[in-house]
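Here are the chains, one letter per residue:
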Amino acid sequence: MPSSTNEPGERPGTTLAIVAESLYLANLLLIPGIAFIALLVMYRRYRDAPPLAFSHIQQTISASLWAGALLIVANAVIILLGGYDGPYTWAVAITYFTMAHSTLILFGMIGLVRALAGQCWRYPLIGRPLPENCPK
Amino acid sequence: MKYKSQSVAKLYFIAAIALFVGQILFGLVMGLQYVVGDFLFPEIPFNVARMVHTNLLIVWLLFGFMGSAYYLVPEEAERELVAPWLAKLMFWIFLIAGAATVAGYLLVPYAKLAELTMDDLLPTMGREFLEQPTITKLGIVVVALSFLFSIGITILKGRKTVVTLVLLIGLTGLAVFFLFAFYNPENLVLDKYYWWWVVHLWVEGVWELILGAILAFILIKTTGVDREVIEKWLYVIIAMTLITGLIGTGHHYYWIGTPDFWQWWGSIFSAMEPIPFFMMTIFAFNMVNRRRRNHPNKAAVLWALGTAVMAFLGAGVWGFLHTLSPVNYYTHGTQITAAHGHMAFYGAYVMIVLAMVSYAMPMMRGRKAANSPRSQVVEMWSFWLMTVSMVFITLFLTGAGILQTYLQRYSDQPIDFMTVQDKISLFYWLREIAGVVFLIGLVLYVVSFFIGTDDPEAVEKIEVDAETA
């Protein structure tokens, strides 16, 4: 697991926040499932982490769950409703998947940038409300 | 504007925007011809409209890159441009040659144009994107060499920075790889093989270096972040660009008769091509997030951020969508390619040129740093109209491409090309409507140069730190 030690001059929790956002992106791009499990482990292990770190862990877990629903469940519904052999089903499913996936990645990029700067960030629409003591 | 010779860029930028308007008009004509086949026939046949649309794109982007270099290099090198008269002379030569070539496309049949320009002496015509007569290609080489001389000597005599170094490598690569346009072997496999050395190694190789350098310059100027930080990012981004993009050429070699190993090499390396664009997005947002100043030219910052995002989507995501060999087996040459091409060119190259125009033009027109707020509002409207409509153009073409792939190539009972075109015509109509919105955005962009010219310019908002206030 990552060290929670910060570089000199960094806001407390910055490193953990960066790791959380990186895991969110890795879950979407490289190692789906495995990175999400790592996020869950972080959530358990760093419950007493500084607000910055904990908020990023919370945000990325919430966004990952939404990503699962938007990418897997919604696509399964599209295919079930439209029929596996329907050309229009695939036109809708692939276009939808690409759009939704890209949007979630862009959210993750902004989250990572905010983590790098030691700032909290709420994922639009899919993120949980931020705690009041979170640096913005 | 720090150096007088930077004003050379103004000519290039004006020409670039004028040609951009031309490109979009021909795009709309062609888009309509997809659904109304005899629209403007025989005056402007589809193949001619397509040739003008793509050639104008390349030429205006080259004007934009040259203008950007002429503006950026003196400031980075901290000295006046070497031989600005040469830059002006080359501008007129390039513009006249470009206009004559387009007129040739429109006024005489292509075969006649080849005959008139004595293509048989050194045949180079007839290949997609490289349709220009040989004499025009020779003109491009002369212009490129003069340009490199002017830019190169200015850089060598002045301060050397990472931005100018990367830019110079990119521009030199652009000139060198263009030379393969003159290599036209009888063997079709070899012909295609080296043709991609111009087309692919431009847009997925050296042009990305130019993009990176211009983006870095704009971010240095508008964010006030330390040059060292930005330069480190730039090094990593261009390294990843070259590592992935050079061998990534292999994704064009799947079906042209090259050895089987290209299936693997092409798939693996081009699957990594989104990485530099991913990094570029993080880079741009990171720098703007860490800014030490609020530059009054908000429109330029918006274009710069937009470039990063749209390049990632268009070149990265939509490129990856059909780059793996087993997928490309079905999707090759369908509207999915067109979807990728439109968004990638817009995101990576159109927007970076417009970002540079947006940053530099106010100063070349006598402003201190930025246009008036009214002008910027119109410009930002144009940004959103063009960008959102390009997203829709891409989505409609993607839908069309998936249907085309399924009906024409994947289905148990494949349907012929023209019947499929009829079946996907709704997508073409929707794409045309989105194209009209794009044109409206472009017109607003041009209008923004003439609005609020007498208003006072936007000023930098000073942020007061709550802890020190």
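All values reported here derive from a predicted model rather than from experimental measurement.

**Some points on the overall build of chain B**
Across its full length, chain B holds 16 helices and zero strands. Rg of the C-alpha trace for chain B: 22 Å, near the compact-globule value of 23 Å for 469 residues, within the 12% margin. Expressed as lengths along the three principal axes of its C-alpha atoms, the size of chain B is roughly 75 × 50 × 45 Å. By residue count, 61% of the 469 residues in chain B fall in the buried class. Taking contacts inside chain B between residues at least 6 apart in sequence as the whole, the part at least 24 apart equals 82%. For chain B, the exposed area adds up to about 19,300 Å²; of that, 70% sits on carbon and sulfur atoms.

**Notes on the interface of chain A and chain B**
Counting residues at the interface gives 24 residues for chain A and 20 residues for chain B. Buried area between chain A and chain B, summed over both chains or domains, comes out near 1,900 Å², and the portion from carbon and sulfur atoms is 81%. When the buried surface of chain A facing chain B is broken down by residue, Pro87, Met109 and Val113 of chain A rank first, second and third, together holding 26% of it. Remark: the boundary between chain A and chain B carries zero salt bridges. Where chain A touches chain B, the interface holds two residue pairs in polar contact (both at pLDDT 80 or more). Listing elements by their share of the side of chain A that touches chain B, those giving two or more residues are α1 (14-29) and α4 (87-116) of chain A. Sort the elements by how many residues they give to the side of chain A that touches chain B and α4 of chain A lands first, with 17 residues.

**Here's the deal with a nonpolar patch on the surface**
Together, Leu29, Leu30, Ile31 and Ile34 of chain A make up an exposed nonpolar region whose accessible area comes to about 400 Å². Relative to the helices and strands, Ile31 of chain A resides in the loop between α1 and α2 (34-45).

**Here's the deal with the environment of Thr419 of chain B**
All names here are of chain B. Tracing the backbone through its elements, the reader meets Thr419 in helix α15 (residues 417-423). Taking the C-alpha atoms as reference, Thr419 lies 9.1 Å from Gln408; in sequence the two are 11 residues apart. There is a polar contact of 2.6 Å between the side chain of Thr419 and the side chain of Asp416.

**As for unusual backbone geometry**
The step from Phe41 of chain B to Pro42 of chain B runs through a cis peptide bond, and the omega angle for that step is 10 degrees. Assignment of secondary structure puts Pro42 of chain B in the loop between α1 (8-35) and α2 (46-77). Unlike most non-glycine residues, Leu125 of chain A shows phi in positive territory, near 65 degrees. Residue placement: Leu125 of chain A occurs in the segment after α4. Classification of Leu125 of chain A by relative accessible area gives exposed; the value is 86%. Backbone geometry at Met118 of chain B places phi at a positive 55 degrees, although glycine is not the residue there.

**Section: the packing of aromatic side chains**
All names here are of chain B. Counting across every chain of the model gives 54 aromatic pairs over all chains. Where Phe278 meets Phe312, the ring centres are 6.0 Å apart and the plane angle is 65 degrees; that geometry is what we call edge-to-face. Here Phe278, found in helix α10 (residues 274-289), pairs with Phe312, found in helix α11 (residues 298-321); they are 34 residues apart in sequence, far enough to count as distant. Taking the ring centre of Trp195 as reference, the NZ or CZ of Lys192 above it sits at 4.3 Å. Over the aromatic face of Tyr34 sits the side chain of Arg431, whose NZ or CZ is 4.8 Å from the ring centroid.

**Things to note about the environment of Ala355 of chain B**
Residue and element names in this part refer to chain B. Residue placement: Ala355 occurs in helix α13 (residues 335-364). Taking relative accessible area as the criterion, Ala355 reaches 0% and is therefore assigned buried. Measuring from C-alpha to C-alpha, the distance between Ala355 and Phe41 comes to 37 Å, with 314 residues separating the pair along the chain. For Ala355, the contacting residues outside a window of four places in its chain are Ile218, Ala300, Trp303 and Ala304.

**Topic: the confidence of the model for chain A**
Considering every residue of chain A, the mean pLDDT works out to 90; 93% of them sit at 70 or more. By mean pLDDT, the top-scoring element of chain A is α2 of chain A (96), and the lowest-scoring one is α4 of chain A (94).

**A look at the state of the cysteines**
All names here are of chain A. Scanning all chains against the criterion turns up one disulfide over all chains. For Cys120, the disulfide goes to Cys134, at an S-S distance of 1.7 Å. Given an S-S torsion of about -70 degrees, the disulfide between Cys120 and Cys134 has left-handed geometry. Here Cys134 lies in the segment after α4 and Cys120 lies in the segment after α4, a separation of 14 residues in the sequence. Cys134 matches Cys120 in its accessibility class, with the two residues each being buried.

**Digging into the nonpolar core**
Residues Trp60, Phe65, Tyr70, Trp202 and Trp207 of chain B are the most contacted members of the largest nonpolar core, which totals 179 residues. Sort the elements by how many residues they give to this core and helix α7 (residues 188-223) of chain B lands first, with 21 residues. Trp202 of chain B has contacts with Ile58, Leu62, Gly173, Leu174, Phe177, Phe178, Trp197, Trp207 and Glu208 of chain B, leaving out every residue within four places of it along the chain. Met42, Ala49, Ile57 and Ile61 of chain A belong to the second-largest nonpolar core, a separate cluster that totals 14 residues.

**Considerations on the side chain of Thr222 of chain B**
All names here are of chain B. Looking at the element boundaries, Thr222 is found in helix α7. Exposure remark for Thr222: the relative accessible area of 3% places this residue in the buried category. A distance of 2.8 Å separates a polar atom in the side chain of Thr222 from the backbone oxygen of Ile218. Discounting chain neighbours no more than four positions away, the residues touching Thr222 are Arg293, His295, Val301 and Tyr359.

**Here's the deal with the packing of helix α14 (residues 373-410) of chain B against helix α16 (residues 425-448) of chain B**
Residue and element names in this part refer to chain B. Contact geometry for α14 and α16: axes closest at 8 Å, N-to-C directions at 160 degrees. With respect to their mutual orientation, α14 and α16 come out roughly antiparallel. Seen along the crossing, α14 lies across α16 with a hand that is left-handed. Counted by class, the contact of α14 with α16 contains 21 nonpolar, seven polar and two charged residues.

**What about the pattern of salt bridges?**
Residues and elements named next belong to chain B. Here the structure, examined in full by the defined rule, presents nine salt bridges over all chains. Between Asp455 and Arg374 there is a salt bridge whose closest N-O contact spans 2.8 Å. Of the two residues, Asp455 sits in the segment after α16 while Arg374 sits in helix α14, which places them 81 residues apart along the sequence. Given the relative accessible area of 24%, Asp455 is considered partly exposed. Owing to a relative accessible area of 48%, Arg374 belongs among the partly exposed residues under this scheme. One connected set of salt bridges, linked through shared partners, spans Glu76, Arg227 and Glu231.

Rules of the game
Residues numbered from 1 in each chain as written. Chains lettered and ligands numbered in written order. Predicted model: local features only at pLDDT ≥ 70, side-chain atom pairs only at ≥ 80, totals over all residues. Heavy atoms only, no water. Helix = DSSP H or I, 4+ residues; strand = E, 2+ residues; numbered from the N terminus. Rg over C-alpha atoms; globule rule 2.2 N^0.38 Å. Buried < 20%, exposed > 50% of the residue type's maximum accessible area, 1.4 Å probe, protein only. Contact = heavy atoms within 4.5 Å. Areas by Shrake-Rupley, 256 points an atom, 1.4 Å probe, with all protein chains shown as cover. Buried area = accessible area lost by both parts, 1.4 Å probe. Salt bridge = Lys/Arg side-chain N within 4 Å of Asp/Glu carboxyl O. Polar contact = N/O pair within 3.5 Å; in protein donor to acceptor, adjacent residues only side chain to side chain. Patch = residues over 30% accessible without salt bridge, like charges linked within 9 Å, V, L, I, M, F, W, Y side chains within 5 Å. Phe/Tyr/Trp six-rings, centres within 6.5 Å; stacked < 30°, edge-to-face > 60°. Lys NZ or Arg CZ within 6 Å of the ring centre and 35° of its normal. pLDDT = per-residue confidence, 0-100. Disulfide = S-S within 2.5 Å. Core = buried A, V, L, I, M, F, W, Y, C linked by side-chain atoms within 4.5 Å. Axes fitted to C-alpha atoms, helices over the stretch in contact; angles between N-to-C directions. Parallel < 35°, antiparallel > 145°, perpendicular 65-115°, else oblique. Left-handed = near helix turned anticlockwise from the far one by under 90°. Nonpolar A, V, L, I, M, F, W, Y, C, P; charged D, E, K, R; others polar.

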